[in-house]
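# Structural overview
Listed below, chain by chain, are the residues.
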Amino acid sequence: MSILLDKPKEPEGGKSLPRFPEQPIKPYRRPNPIYNVLGSTDHKVLGLLYLALSLFMGIVGGALAGGIRAQLASHNLEVLSPELYNQFLTMHGSIMIFFVIIPALAGFGNYLVPLMIGARDMAFPRMNAFSFWILIPSAVLMFASFGVQGGAASAGWTAYPPLSLKEFSGGPGVDMWILGVHLAGVSSITGAINFIVTIMNMRAPGMNLMKMPLFCWTWLVNAWLILIGTPVLAGAVTMVLLDRGFGTNFFKPAMGGDPVLYQHLFWFYSHPAVYIMVLPGFGMISHVLAAFAHKRIFGYTGMVWAVGAIGVLGFIVWGHHMFTAGISAELRLYFSFATMVIAVPTGVKIWSWLATIWGGTLEFTTPMKFALGFISLFVIGGISGVYLANVPFDMQVHDSYFVVAHFHYVLVGGSIMSIFAGTYFWFPKMAGRKLDERMGNAVFWLFLIGMNATFLPMHLVGLQGMARRIWQYRPEYAAVNSFISLGYLLMVAAGALFVYSVIEALRRPRDCDEDPWKINDVQKSLVWTTPSPPPAYNFARIPTIGS
Amino acid sequence: MISSRFARPVLVAAATLLAVATFGQDFANIPASEPSITDWMFDPVTPIAHGVRNNALFILAITVPYLILPQVLLFYCIWKFRKRPGAKPATFHDNVQLEVLWTIVPALSLVVLAIPSYKLIKFIETMPEPDVRIEVTGRQFYWEYRYPDHGNIRISDEPLVVPVRKNIVADMTSADVTHAWWVPAFGIKMDTVPGRYTQVWFNVEREGWFKGQCAELCGALHSKMLIDVHVVSQEEFDAWIEMKKREFAGE
């Protein structure tokens, strides 16, 4: 998929076919610069807004995690009341999923996909702005519920009925949480439609699908996952809302409703959501590894098929979240088998990444360090996933800290590491300056060590029988939990240093050319042919892609 | 500006803190005589728990190569292929045989992995002829146990008492929200779902106290929904049943 920039062929017989102008189109600029940000439909501005929202909410979600870790620092503390503890764990999960990881990946997608496929913007720029701005009331609604009577939702981010029904969660917290999920879902769905239409229709001439950069492929599959899965989640939480406020009985056992039905509907979205949170990360990691190995991505075709396979399989494995819910043994056998099958395409990706760096000339820049760390951590999260796919073992450690360790290795070791790698890699393109490499080095090591210090011991206490989502615990687990709480502080230090280094970089003057990492001789990506940052509408002339 | 020397003192300080916090803990408040909840991996006490433990070790044996090999290759690449002056990167980007190999071999490993777990599921799911039947009801925030074959006596918020080396079959349900009954040493976790019955069985090999805990978020005091099981000899169990019957009649 080498990309050569050719001059477009002159039409046969001379002149006068309409062409894009040679000069960049000058967008209308309002006199007040604030309007140019708030009223912008430019995919780059919106991408940056997504990333800024993600960073801000990351601080909020991280602070909630701090409350949880303070409470769990020893076995009999009362830092938080048990009610508030449940609110913290619910909102920590919800915020990290809906307002940190998904928006961060949407931000990279918005910024990079049009640049990568040679388009001037997303297909529907106004809808793009809508997708972002609807997230703000969603976040406000969820977070404001801390201030209402009864506090925020406290039934876990899974909101299983009957616990999430009126009888057991009285105040308006759960209602606000559900409406927040609705708005975030609208944002996801409109965003997904935008990505699909953009990628299918707006690729530059000559860029067929199998020449498209891998990040765009991961976003294409991802957008389909969102489009298919999110309406089901919206339906499920709407049924809870109706049960709570409008007298329906979908999930009320006393009235013939079925709480297990909710679990099926919820996990039909929320298992693919795991892939929604990691597939674009896969794409970013592929680009970073290839760039700093100075090689092309190994096994491009296999990678595309693996992403597609993960996307399809992701929809038929939801039952592995319900092995202890009393579903039939046959269903458990099926879901166990299907879940293990996902390990195969995921393995293909791991091996292909290793083959990508094999024989290269590795440059250990900060993004490369994060990408290499990603491989190491994601393998651990993947293998513990194979453990959990085994029904007998899962029935022992289900809803224990082993599961907490597993999904944090996937979401922190996978998604967050890839978001860090992507941020350090494309920051020079977005901001025109590099983030400081020495501080980046410290951020990487603090985060890597802190991440492992926090989540590796959770495997141990989980195996030892510590249930998750508990406010106090038996004293046997106190030592390990103190260690975990201190590991959290290392991650906080990494986060604080990262925020500082972003501020520090933005105070420097711009100094980056088109290809600040000096990698595009091999990568031949359109992104690194545009100025840093790219002008409005990206390309003075729509590029043509050679073979 | 922060120099590269910045990272080292931070890391040293953090490591010291972690070490102090871990090894400076006060373990004295855990009575030594009480068996710990953490022992099931080393000391499973039911056939199911033995099965789960062996299954876990079997998965470990199969997956360890897949855990170690990528890490080894990763560190080999980092060491071997770091940028040296004058080195030229390789230009290969495809190898169909290799790609087929790393698709097929893990797939076969997974088949090998699945067979014993499938046998174990069947073993767990097949209820034996019960010697003692109990009914477990989860309530916010305590457990209620009933003995339908023993005068239907009912105990609430106190340890479950069962006889040793007998097949115990438990029917489970919930009176309010979903809970989960989990005793790690028995290798058993099962949700108690309102409006449904779930079933588990266990046969405990030796007498003693075994601990567990509710494993499904069920409200504010979820963490206080502890489980204690007292496994006693048949004689002690019979005596305990008689005592409880008298208590019941006296009420």
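Reading guide: rules and limits
Residues numbered from 1 in each chain as written. Chains lettered and ligands numbered in written order. Predicted model: local features only at pLDDT ≥ 70, side-chain atom pairs only at ≥ 80, totals over all residues. Heavy atoms only, no water. Helix = DSSP H or I, 4+ residues; strand = E, 2+ residues; numbered from the N terminus. Buried < 20%, exposed > 50% of the residue type's maximum accessible area, 1.4 Å probe, protein only. Contact = heavy atoms within 4.5 Å. Pairing = 2+ DSSP bridges. Axes fitted to C-alpha atoms, helices over the stretch in contact; angles between N-to-C directions. 1 Å grid on protein atoms, 1.4 Å probe; cavity = no way out; pocket = protein on both sides within 12 Å on 5 of 7 lines; lining within 4 Å. Points joined across faces, edges and corners; volume = space filled by probe spheres on them. Nonpolar A, V, L, I, M, F, W, Y, C, P; charged D, E, K, R; others polar. Expected span 1.5 Å × (residues − 1). Bend = angle between axes of the 7 residues up to and from the residue. Polar contact = N/O pair within 3.5 Å; in protein donor to acceptor, adjacent residues only side chain to side chain. Phe/Tyr/Trp six-rings, centres within 6.5 Å; stacked < 30°, edge-to-face > 60°. Salt bridge = Lys/Arg side-chain N within 4 Å of Asp/Glu carboxyl O. pLDDT = per-residue confidence, 0-100. Domains from an automatic or database assignment. Buried area = accessible area lost by both parts, 1.4 Å probe. Arc of directions from axis to C-beta. Patch = residues over 30% accessible without salt bridge, like charges linked within 9 Å, V, L, I, M, F, W, Y side chains within 5 Å. Areas by Shrake-Rupley, 256 points an atom, 1.4 Å probe, with all protein chains shown as cover. Lys, Arg positive; Asp, Glu negative; His and termini not counted. Charge placed at Lys NZ, Arg CZ, Asp CG, Glu CD.

As a further point, take the overall build of chain B. A count of helical and extended segments in chain B gives four helices and ten strands. When the elements of chain B are put in sequence order from the N terminus, they spell out α-α-α-β-β-β-β-β-β-β-β-β-β-α. Out of the 251 residues in chain B, the part that is buried amounts to 44%. Sequence separation of 24 or more characterises 67% of the internal contacts of chain B that already satisfy a separation of 6 or more.

Okay, the sheet that holds strand β1 (residues 132–139) of chain B next. Residue and element names in this part refer to chain B. Taken in spatial order, the five strands make up an open sheet running β3-β2-β1-β5-β8, and their pairing is mixed. Of all strands in the sheet, those with a lone pairing partner are β3 (153–156) and β8 (198–202), marking the two edges. This sheet shows a mean twist of 25° between the axes of neighbouring strands, independent of strand direction. Relative to strand β5 (residues 168–174), β1 runs parallel, the two sharing seven bridges. The residue bridging V136 from the neighbouring strand is M172, located in β5. Where helix α4 (residues 234–250) meets the sheet, its contacts fall on β1, β2 (142–147) and β3, and the angle it forms with β3 comes to roughly 90°.

Attention now moves to empty space enclosed by the protein. Residues and elements named next belong to chain A. According to the stated counting rule, one finds four cavities of 30 Å³ or more in the structure shown. Its volume calculated, the largest cavity comes out at about 140 Å³. Lining the largest cavity are 16 residues, and of these Y50, I102, A106, S187 and S188 lie nearest its centre. When residues of the lining of the largest cavity are traced back to their parent elements, those giving at least two are α3 (82–117), α6 (173–201) and α7 (214–245). For the lining of the largest cavity, the leading source of residues is α6, giving six residues. Of the residues assigned to the lining of the largest cavity, the class counts are eleven nonpolar, five polar and no charged.

On to helix α8 (residues 259–276) of chain A. Residue and element names in this part refer to chain A. End to end, α8 covers 26 Å across 18 residues, agreeing with the expected 26 Å (1.5 Å per residue, within 8%). Taken as a whole, α8 carries its principal kink of about 35° at W267. Most of α8 is tucked away: 13 of the 18 residues are buried. A side-chain oxygen of the first residue of α8 lies 2.9 Å from the backbone nitrogen of V260; this N-cap is D258.

So, about the packing of aromatic side chains. Residue and element names in this part refer to chain A. Applying the stated criterion to the full structure yields 53 aromatic pairs over all chains. When the centroid spacing of 6.4 Å and the interplanar angle of 70° are considered together, the rings of F98 and W157 count as edge-to-face. Here the residue F98 occupies a position in helix α3, and W157 occupies one in the loop between α5 (135–144) and α6, the gap between them amounting to 59 residues. On the accessibility criterion, F98 (8% relative accessible area) is buried. For W157, a relative accessible area of 13% translates into the label buried. Here a set of aromatic residues connected by ring pairs shows up, and it is made of F98, W157, Y160, F250, F251, Y262, F266 and W267.

In this structure, P162 of chain A follows P161 of chain A across a cis peptide bond, with omega equal to 5°. Tracing the backbone through its elements, the reader meets P162 of chain A in the loop between α5 and α6. F141 of chain B follows Q140 of chain B through a cis peptide bond whose omega is 0°. Relative to the elements of secondary structure, F141 of chain B occurs in the loop between β1 and β2. Although it is not a glycine, H294 of chain A sits at a positive phi angle of roughly 55°. Position of H294 of chain A among the secondary structure elements: in the loop between α9 (279–293) and α10 (300–313). The exposure class of H294 of chain A is buried, given its relative accessible area of 9%. Backbone geometry at N538 of chain A places phi at a positive 65°, although glycine is not the residue there. Structurally, the position occupied by N538 of chain A is in the loop between α17 (520–523) and β2 (544–545).

The tally for this structure, following the rule as stated, stands at 17 salt bridges over all chains. A salt bridge links D175 of chain A to R244 of chain A; its shortest N-O distance comes to 2.8 Å. Here R244 of chain A lies in helix α7 and D175 of chain A lies in helix α6, a separation of 69 residues in the sequence. Among the salt bridges present, the one from R139 of chain B reaches E144 of chain B, with a minimum N-O distance of 2.9 Å.

Here the focus is the confidence of the model for chain B. Residues and elements named next belong to chain B. When the pLDDT values of chain B are averaged, the result is 86; 84% of them are 70 or greater. Predicted confidence is poor over residues 22–33, with pLDDT under 50, and the contacts of this stretch with residues over four places away or in other chains come to ten contacts. Reported confidences for the modelled complex are a pTM of 0.91 and an ipTM of 0.89.

Right, let's get into the layout of surface pockets. Computed from the structure, the second largest pocket encloses a volume of approximately 370 Å³. Along the walls of the second largest pocket sit 15 residues, with Y387, F402 and H459 of chain A together with L60 and L67 of chain B positioned nearest its centre. Elements with a minimum of two residues in the lining of the second largest pocket: α12 (366–389) and α15 (437–463) of chain A together with α2 (47–80) of chain B. Here the lining of the second largest pocket takes five residues from α2 of chain B, the largest share from any one element. Split by residue class, the lining of the second largest pocket holds twelve nonpolar, three polar and no charged.

A few words on the domain arrangement of chain B. Residues and elements named next belong to chain B. Structurally, chain B comprises domain 1 (47–82 + 94–125) and domain 2 (132–250). Between domain 1 and domain 2, the C-alpha centre-to-centre distance is 37 Å. Roughly 560 Å² of surface becomes buried between domain 1 and domain 2 when both sides are summed, with 59% attributable to carbon and sulfur atoms. Contact with domain 2 buries surface across domain 1, with P47, I48 and A49 losing the most and accounting together for 64% of the total. Remark: the boundary between domain 1 and domain 2 carries zero salt bridges. The set of elements that each furnish at least two residues to the side of domain 1 that touches domain 2 consists of α2 and α3 (96–125). The class makeup of the residues in the side of domain 1 that touches domain 2 is six nonpolar, one polar and no charged.

As a further point, take α5 of chain A. All names here are of chain A. Residues L135, S138, A139 and M142 constitute the buried set of α5. Taken around the axis of α5, the buried residues stretch over an arc of 95°, which confines them to a single face. On its buried side, α5 packs onto α2 (43–71), α3, α4 (125–133) and α6.

Another aspect to go through is a negative patch on the surface. Where like charges cluster on the molecular surface, the negative patch consists of E207, E235, E236 and D238 of chain B. When you line up the elements, E207 of chain B lands in the loop between β8 and β9 (208–213).

For the rest of this paragraph, the subject is the interface of chain A and chain B. The interface of chain A with chain B comprises 102 residues on the first partner and 96 residues on the second. Counting the surface lost from both chain A and chain B, the interface buries some 8,600 Å², and carbon and sulfur atoms represent 70% of this. Three residues stand out in chain A for area buried against chain B, namely W351, Q396 and R474 of chain A, and they jointly supply 10% of the buried area on that side. If you look at where chain A meets chain B, you find three salt bridges. A salt bridge links E476 of chain A to K211 of chain B, with the nearest nitrogen and oxygen atoms 3.1 Å apart. Inspection of the chain A/chain B interface yields 24 residue pairs in polar contact (both at pLDDT 80 or more).

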